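# Descriptive structure summary
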Amino acid sequence: MKIKEKTFDEKYMRLAINKAKEGILDGQTPFGACIIKDKHVISCAHNNVWKNTDITAHAEIHAIREACKTLNTVDLSGCTIYSTCEPCPMCFSACHWAKISKIVYGARIEDALKIGFNELSIHSETMKKIGGSPVEIKGNFLREESLSLFALWLEQQNKRIY
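Residues numbered from 1 in each chain as written. Predicted model: local features only at pLDDT ≥ 70, side-chain atom pairs only at ≥ 80, totals over all residues. Heavy atoms only, no water.

## Observations concerning the pattern of salt bridges
Tallied over the entire structure, the rule returns eight salt bridges. Note that Arg-14 and Glu-10 form a salt bridge whose closest N and O atoms lie 3.7 Å from each other. Here the residue Arg-14 and the residue Glu-10 both occupy positions in helix α1 (residues 3–25), the gap between them amounting to four residues, near one helical turn. Of the charged contacts in the structure, one is a salt bridge between Glu-145 and Arg-14, with a shortest N-O distance of 2.6 Å. Here Glu-145, found in helix α7 (residues 143–155), pairs with Arg-14, found in helix α1; they are 131 residues apart in sequence, far enough to count as distant. In this structure Arg-14 comes out as partly exposed when scored by relative accessible area, which is 33%. Look at the salt bridges and you will find they share partners, linking Asp-9, Lys-102, Glu-136 and Lys-138 into a network. (Salt bridge = Lys/Arg side-chain N within 4 Å of Asp/Glu carboxyl O. Helix = DSSP H or I, 4+ residues; strand = E, 2+ residues; numbered from the N terminus. Buried < 20%, exposed > 50% of the residue type's maximum accessible area, 1.4 Å probe, protein only.)

## Description of the sheet that holds strand β5 (residues 136–138)
Taking strand neighbours across the sheet as the criterion, the five strands line up as β2-β1-β3-β4-β5 in an open arrangement whose pairing is mixed. Each edge of the open sheet is held by one strand with a lone partner, namely β2 (40–46) and β5. For this sheet, the mean angle separating the axes of adjacent strands, direction not counted, is 15°. Packed on one face of the sheet, α7 meets β3 (79–85) and β4 (102–107) and runs near 60° to β4. (Pairing = 2+ DSSP bridges. Axes fitted to C-alpha atoms, helices over the stretch in contact; angles between N-to-C directions. Contact = heavy atoms within 4.5 Å.)

Any functional reading would require information that these geometric values do not contain.
Right, here's the structure in full:
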């Protein structure tokens with residue numbers, strides 16, 4: 001990996017991490033996502049399941065919805081999504097359907113399972129292989145920083161899980 005690419009990925013993953021922190025402090029779960037295209041932030045969102053009373057309001061879904069509105073299209077080809085945790089099957093499918101070109105994630109599905117989230121342990125790589133998706137996947141990126149979100153969330157008095 002080139003230093004320039006690593007720095008570029010770090011910049012946008014840290015935006016997703018900061019957005020997840022914002023969500024945690026707002027009583028949401030510890031997940032954030034940022035979508036970029038051509039080095040421009042298109043959307044950045046945290047999980048809003050509790051705020052919206054919507055089980056589908058995961059950070060990735062929220063970021064995809066915002067990006068589609070911003071770009072006025074459902075085709076997010078050329079976009080990269082940075083997610084603080086490996087996308088669940090619903091979020092991976094949404095990335096695939098939106099034609100997102102690359103997924104970069106931090107923590108793993110197992111990490112979310114360990115702290116009590118009701119995750120389906122179907123990995124993005126498995127979904128990609130079975131579904132024949134062309135999306136590029138880069139996992140475990142800034143994993144420790146993403147895991148620190150879980151620790152911060154566990155410290156919260158008002159935390160809720162689904």
